[in-house]
Structure formats: C-alpha cells, structure tokens
Amino acid sequence: MSPHKPSILVCDDEESVRAAIRLVLEQDYELVFAEDGEEALAKCHNGPVDLVLLDLKMPKKDGMEVLQELMSRQ
C-alpha cells in the first residue's frame, strides 16, 4: 500500500502556470486544479486539501477573496 500523498489545490487562470506546477509537483502530491476563484471554492467543498496555492489576480473571485472565504470556513 502506498503512503497518502498530501493534496494541493492550485488556483491560477493561466494554463502555463498550472502546467509548470503540475510538472514539478505531480509525483509527490495529489494535485487539484482550478482556473478561477469560484472553481477553487467549489473544489474545496469536494473535500479538504492540505495546501492551497492561489493566484492573486483572477477573474470572478481573486485570490484574496478566496482566501478570506476559506478562512471564514474554519
């Protein structure tokens, strides 16, 4: 049985940034990707993640709005 991989939610509206992060981290982490803040929040409803990487400037909800909403859920 393989050990549990920590999970990371990566939220960035640029595909090239998401692809670069995938290349670097995919072997050691379970990665969940979102293209905007609203999608990131929706994916957080699907289950907890260990770490969230947020782009600050995104359409719909920016990174700070997402962070505030995630922190209010604690």
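Use the structure listed above.
Trainee: I tried to follow the side chain of Asp12 on my own but got confused; where do I start?
Mentor: Mapped onto the secondary structure, Asp12 falls in the loop between β1 (7-11) and α1 (15-25). We note that Asp12 is buried and unpaired, the nearest opposite charge coming from Arg18 at a distance of 5.4 Å.

Trainee: Would you take a moment to explain helix α2 (residues 37-45) for this structure?
Mentor: What sets the pattern is the α-helix's 3.6 residues per turn: residues three or four places apart point alike. Looking at α2, one finds that the buried residues are Gly37, Ala40, Leu41 and Cys44. The buried residues of α2 all sit within an arc of 95° when viewed along its axis, so they share a single face. Close packing links the buried residues of α2 with β1, β2 (30-34) and α3 (63-72). Near the N-terminus of α2, the side chain that reaches the backbone nitrogen of Glu38, with its oxygen 3.0 Å away, is that of Asp36. The first or second residue beyond α2 is Gly47, which carries a positive phi of 160°.

Trainee: Got a minute to help me understand the sheet that holds β1 in this structure?
Mentor: Hydrogen bonds along the backbone pair up the strands of a sheet, which may run parallel or antiparallel. Taken in spatial order, the three strands line up as β2-β1-β3 in an open sheet, and their pairing is parallel. Unpaired on one side and paired on the other, β2 and β3 (51-54) mark the two borders of the sheet. When the angles between neighbouring strand axes are averaged without regard to direction, this sheet yields 20°. With four bridges connecting them, β1 and β3 associate as parallel partners.

Procedures and definitions
Residues numbered from 1 in each chain as written. Predicted model: local features only at pLDDT ≥ 70, side-chain atom pairs only at ≥ 80, totals over all residues. Heavy atoms only, no water. Helix = DSSP H or I, 4+ residues; strand = E, 2+ residues; numbered from the N terminus. Buried < 20%, exposed > 50% of the residue type's maximum accessible area, 1.4 Å probe, protein only. Lys, Arg positive; Asp, Glu negative; His and termini not counted. Salt bridge = Lys/Arg side-chain N within 4 Å of Asp/Glu carboxyl O. Arc of directions from axis to C-beta. Contact = heavy atoms within 4.5 Å. Polar contact = N/O pair within 3.5 Å; in protein donor to acceptor, adjacent residues only side chain to side chain. Pairing = 2+ DSSP bridges. Axes fitted to C-alpha atoms, helices over the stretch in contact; angles between N-to-C directions.

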